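Fold and contact review
Next come the chains, spelled out residue by residue.
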Amino acid sequence: MSKNRRDFFRGIGSMGAGIVVGKKVLEAQEDPHAQHKQHMQHSQRKPSTKGVKPEPGAAKGQYLPVETPDVPKLPWKMVDGVKEFHLVAEPVRTEFVPGRVVDPWGYNGSVPGPTIEANEGDRVRVVFDNHLPEMTTVHWHGFEVPMNMDGVPGLGQDPVMPGGRYVYEFTLHQHGTFFYHSHFAMQEMAGMIGLFIMHPKEPYQPRVHRDFGLILQEWALLPNNTVPNTLAMEFNWLTINGKAGPACTPMLARLGERVRLRIVNLGMDHHPMHLHGNTWVVTGTEGGRVPEGAWTPGNTEIVGVAQARTMEFEAKYVGDWMLHCHLPHHMMNQMVSMVGPISHVGHGMHTGMSMENGMGMLRDGNALSEDFGPSFGRDIGESAQRERAVTHLVGSPIAVQKPQKELPPQQPPLQGHEGHKMQGHEGHQTPGGDVMYPVDDPVKKQVPGYPQDMWMDMSQLVPNKPEFHGLRPTWDRAMMGMMTLVRVLPPELYDKIIELKQQEPEEGKKPTEAKPLHQHKH
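Residues numbered from 1 in each chain as written. Predicted model: local features only at pLDDT ≥ 70, side-chain atom pairs only at ≥ 80, totals over all residues. Heavy atoms only, no water.

Here we look at the overall build of the protein chain
A count of helical and extended segments in the protein chain gives five helices and 25 strands. Split into buried and exposed, the 522 residues of the protein chain put 47% on the buried side. Of the roughly 25900 Å² that the protein chain leaves accessible, carbon and sulfur atoms contribute 56%. (Helix = DSSP H or I, 4+ residues; strand = E, 2+ residues; numbered from the N terminus. Buried < 20%, exposed > 50% of the residue type's maximum accessible area, 1.4 Å probe, protein only. Areas by Shrake-Rupley, 256 points an atom, 1.4 Å probe, with all protein chains shown as cover.)

Considerations on the environment of glycine 194
With respect to the helices and strands, the residue glycine 194 is situated in strand 10 (residues 193–199). Residues glycine 194 and valine 111, spaced 83 residues apart in sequence, show a C-alpha to C-alpha distance of 8.1 Å. Sequence-distant contacts of glycine 194, defined by excluding residues within four places in its chain, comprise Gly113, Pro114, Phe179, Tyr180 and Ile215. (Contact = heavy atoms within 4.5 Å.)

Observations regarding the pairing of strand 19 (residues 300–303)
Consecutive side chains along a regular strand alternate between the two faces of the sheet. Burial of the side chains of strand 19 is restricted to one face: Glu301 and Val303 are buried, whereas none of Thr300 and Ile302 on the reverse face is. Bridge count for strand 15 (residues 271–275) against strand 19 is four bridges, and the pairing is antiparallel. Its bridge partner lying in strand 19, methionine 273 is registered against glutamate 301. (Pairing = 2+ DSSP bridges.)

Side note on the sheet that holds strand 9 (residues 176–182)
The mixed open sheet is built from four strands, whose spatial order is 5-10-9-7. Here the strands that pair on one side only, and so sit at the sheet edges, are strand 5 (113–119) and strand 7 (138–141). Each neighbouring strand pair of the sheet contributes to a mean axis angle of 20 degrees, computed without reference to strand direction. By the bridge criterion, five bridges tie strand 5 to strand 10 in an arrangement that is parallel. Directly across from alanine 118, in strand 10, lies its bridge partner methionine 198. (Axes fitted to C-alpha atoms, helices over the stretch in contact; angles between N-to-C directions.)

Description of unusual backbone geometry
Note that the residue after valine 111, namely proline 112, is joined by a cis bond; omega there is -5 degrees. Its place among the elements puts proline 112 in the loop between strand 4 (105–107) and strand 5. Cis geometry marks the peptide bond from glycine 245 to proline 246; its omega dihedral reads 10 degrees. Within the element layout of this structure, proline 246 appears in the loop between strand 12 (237–240) and strand 13 (251–254). Of note, the phi angle at aspartate 70 is positive, near 75 degrees, even though the residue is not glycine. Residue placement: aspartate 70 occurs in the loop between helix 2 (34–42) and strand 1 (76–79). Here asparagine 241, not a glycine, exhibits a phi torsion of approximately 55 degrees, which is positive.

Some thoughts on the sheet that holds strand 24 (residues 483–489)
Within a beta sheet, neighbouring strands are joined by backbone hydrogen bonds and run either parallel or antiparallel to one another. Spatial ordering of the open sheet is given by 13-24-21-15-19, a layout of five strands whose pairing is mixed. Single-partner strands in this sheet number two, and they are strand 13 and strand 19. Each strand of the sheet is rotated relative to its neighbour by a mean of 20 degrees, with strand direction disregarded. With three bridges connecting them, strand 15 and strand 21 (residues 319–325) associate as antiparallel partners. In the sheet register, histidine 274 faces strand 21, and the bridge partner there is histidine 324.

A short note on the nonpolar core
In this structure, Leu87, Trp140, Phe143, Tyr168, Phe170 and Phe196 are the most contacted members of the largest nonpolar core, which totals 28 residues. At the level of secondary structure, the elements contributing two or more residues to this core comprise strand 2 (82–95), strand 4, strand 5, strand 6 (123–130), strand 7, strand 8 (165–171), strand 9 and strand 10. The next biggest cluster of nonpolar side chains, apart from the first, holds 25 residues, and it includes Leu275, Cys325, Met482 and Val488. (Core = buried A, V, L, I, M, F, W, Y, C linked by side-chain atoms within 4.5 Å.)

Quick look at the confidence of the model for the protein chain
In the predicted model, the protein chain carries a mean pLDDT of 77, and the fraction of residues at 70 or more is 65%. Here residues 12–49 scores under 50 on pLDDT; set against residues more than four positions off or in separate chains, the count is 13 contacts. Across residues 376–434, confidence stays below pLDDT 50; counting only partners more than four residues off in sequence or on other chains, it has 135 contacts. (pLDDT = per-residue confidence, 0-100.)

Concerning the pairing of strand 16 (residues 280–285)
Sheet topology note: the strand 16/strand 18 (residues 296–298) ladder contains three bridges and is antiparallel. When the sheet's bridge partners are listed, valine 282 is paired in strand 18 with threonine 296. Pairing analysis gives four bridges linking strand 16 to strand 20 (residues 308–314), with the strands arranged antiparallel. Paired with valine 281 across the strands is glutamate 312, a residue of strand 20. Pairing geometry for strand 16 and strand 17 (residues 288–289), over two bridges, is antiparallel. Of the residues in strand 17, the one forming a bridge with threonine 285 is glycine 288.

Quick notes on the packing of aromatic side chains
The geometry of an aromatic ring pair is captured by two quantities: the separation of the ring centres and the angle between the planes. With the rule as written, the count across this model stands at 14 aromatic pairs. Measuring from ring centre to ring centre gives 5.9 Å for tryptophan 140 and phenylalanine 143, while their planes differ by 45 degrees; the resulting arrangement is tilted. Taking the relative accessible area as the measure of exposure, tryptophan 140 reaches 0% and is therefore buried. A centroid spacing of 6.1 Å and a plane angle of 85 degrees characterise the contact between tryptophan 140 and phenylalanine 196, whose relative ring orientation is edge-to-face. Of this pair, tryptophan 140 sits in strand 7 while phenylalanine 196 sits in strand 10; the two residues are 56 residues apart in sequence, bridging distant segments of the chain. Clustering of aromatic rings is evident, with ring pairs tying together Tyr107, Phe128, Trp140, Phe143, Tyr166, Tyr168, Phe170, Phe178, Tyr180 and Phe196. (Phe/Tyr/Trp six-rings, centres within 6.5 Å; stacked < 30°, edge-to-face > 60°.)

Considerations on the pattern of salt bridges
Following the criterion strictly, the structure yields 23 salt bridges and no others. Two residues, arginine 125 and glutamate 169, come together in a salt bridge whose shortest N-O distance is 2.8 Å. Here arginine 125, found in strand 6, pairs with glutamate 169, found in strand 8; they are 44 residues apart in sequence, far enough to count as distant. A residue is classified by how much of its surface remains accessible, and arginine 125, at 15% relative accessible area, is buried. The salt bridge partner of arginine 477 is aspartate 476, with a shortest N-O separation of 2.8 Å. As far as the burial class goes, arginine 477 and aspartate 476 line up, both buried. Look at the salt bridges and you will find they share partners, linking Asp211, Arg258, Arg260, Arg262, Arg289, Glu312 and Glu314 into a network. (Salt bridge = Lys/Arg side-chain N within 4 Å of Asp/Glu carboxyl O.)

And the structure:
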């Protein structure tokens, strides 16, 4: 092609570019909100990864460490070419939320137990000590190991007696999300489980910038008892990594990063885990990595009992995105269950009924008695006595002696912390809260189904951690049970939180408040 011909087409291209730029400038001048719209549109596009920094070691072919909020890592040392870990089964005292003390069983002072990380091809040795008052073993769930290392008492090994030791040793030739747990069923329900991550020899593609591990558990706790009822079939506390909302430490990602979520479930219920505002692909199970051609998109994935699911997504959208089990009763703390009749004629529905009765642990009387019917239990956390009855018989003479045509005058509002006005129907007031209903409202009580809300001030249950920095003041009001957050943050806010974390005193950096109790004497 001649020089003149090339110059001609180059000139035409420049003219076209100039026309496009001029058109955008004119549009911006005609629409004063053009820049704002452009900013909003940017959040709907896949952001540039130009500012995304790879994790240290990731570029060198090393694995990206898994972050397990509120759960520590189990350290190891190299002994004669073998990675050696020391695992201790023991009673643990912890808190699901600040002030709710619990006495489960776990490992190395943690519930769930500390996370173990190793590489495909590693030779691993786990020196296991039993500090429980009874026998136990450790099962390596999903591992392809020799039978005498599988951890089944009686079948492959003798139980490890109190004060005893057993050494597990095997070579890892798998990769993916696995876990360990006691192979005594009630000990499992007492809390004895931990993550075991096997990193592949060759990093998965596409690579992720954030890798998080979560364990789902269920607990039955009576109001004045700190020991979980491992025989219960109904549960009133639901935890992620040993914490219940709003006390679960949020997971952080910078806008534009790729995020991996590894979720393991060991309990009595399956959990449909739902992520708001994003679409993920399921890339793994408890059997390892799924071939890319079989990845499935979604935002809700059932994590069945004894299963693991691994999901990955591009953090395209700035936001504080909720991740939670979508079973409605798993989005609440300290619920009250029921046995007996489904409705009451004349007596109404009680609040604050006994948790023992609600779980079917009847001390006396008949299970179909009026006393053992359904209960709202709205204030069970602070008072377990019966309170005002709320009738099922909407609009009947029993329910409303004098029909109300207009709302009664409200009582003077209470003052909560930080000067917030506090109004709420009986049994629904919280210290320092900003509840939104009159104290007693006969008109609303005529509405079938009222009340159904799930809103209460739980700011006193939020740990003082940098990961909560920048959230809306009322973010905790509907965060209960098996709920946590994945925060996709703009670079400025992300960097600010990381700076706050670096300034945090060493005591505050500890991932869990759990503490081992006195060791078993033998």
